[in-house]
Amino acid sequence: MYAITFSNGKTLTQCGVNGSAFETRESVSKGEVLGGLRRVVIRQVEKTEGEPETLGGEYENMTLGYFMKHGEVTQLVLNEADLEEQKFMQLRADIDYLAMVAGEEL
């Protein structure tokens, strides 16, 4: 089992792994995940047979590769942003900031 803490304060404490996806029965929305990808901390809280031990760590600028609810289970795939994605995110942040200063809404 893994715990995932997002930069917006949302924490999932009971996540299993299914292939490349984390699975949880905890309540989480796609918006909560997207709003917390700036910094993500993943730590193993319990060793479950068959789960890899190498997923833990602290990650900056993650992206959401997949998010789907299947009944009571939510699956999500988190990916590290590559250099091009990080440049795009910085450019978007700069544009949003300039629009805010100028009083415009995008």
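Relevant structure appears above.
Residues numbered from 1 in each chain as written. Predicted model: local features only at pLDDT ≥ 70, side-chain atom pairs only at ≥ 80, totals over all residues. Heavy atoms only, no water.

(A) Quick look at the nonpolar core. By size, the foremost hydrophobic cluster in this structure holds 17 residues, and its most contacted members are Ile4, Phe6, Val33, Leu37, Val40, Ile42 and Leu78. At the level of elements, strand E1 (2–6), strand E2 (11–18), strand E4 (39–44), strand E6 (62–70) and strand E7 (73–80) are the ones that each hand at least two residues to this core. Contact partners of Leu78, with chain neighbours within four places excluded, come to Ile4, Phe6, Val33, Leu37, Val40, Ile42, Met62, Thr63 and Leu64. (Core = buried A, V, L, I, M, F, W, Y, C linked by side-chain atoms within 4.5 Å. Buried < 20%, exposed > 50% of the residue type's maximum accessible area, 1.4 Å probe, protein only. Helix = DSSP H or I, 4+ residues; strand = E, 2+ residues; numbered from the N terminus. Contact = heavy atoms within 4.5 Å.)

(B) The arrangement of the pairing of strand E3 (residues 21–24) in detail. Relative to E3, E2 is paired through 3 bridges, and the arrangement is antiparallel. Residue pairing in the sheet places Val17 in a bridge with Phe22 of E3. Linkage of E2 to E3, two consecutive antiparallel strands, is achieved through a turn of 2 residues, within which Gly19 is found at a positive phi near 70°. Across 3 bridges, the pairing between E3 and E7 is antiparallel. Bridging from a neighbouring strand, Phe22 pairs with Leu76 of E7. (Pairing = 2+ DSSP bridges.)

(C) Spotlight on the pattern of salt bridges. Taken as a whole and assessed by the stated rule, the structure comprises 4 salt bridges. The partner of Glu72 in a salt bridge is Arg25, with the nearest N and O atoms 3.2 Å apart. A residue pair is termed long-range when its members are at least 10 positions apart, and Glu72 in the loop between E6 and E7 and Arg25 in the loop between E3 and helix H1 (30–34) qualify at 47 residues. The class of Glu72 is exposed, set by a relative accessible area of 61%. Taking relative accessible area as the criterion, Arg25 reaches 60% and is therefore assigned exposed. A salt bridge links Arg92 to Asp96; its shortest N-O distance comes to 3.1 Å. Residue Arg92 and its partner Asp96 are both found in helix H2 (residues 83–102); the two are separated by 4 residues, about one turn of the helix. Among the residues examined, Arg92 registers a relative accessible area of 39% and is labelled partly exposed. According to the relative accessible area criterion, Asp96 is partly exposed, its value standing at 33%. Connected through shared salt-bridge partners, Arg39, Glu58 and Glu60 make up one network. (Salt bridge = Lys/Arg side-chain N within 4 Å of Asp/Glu carboxyl O.)

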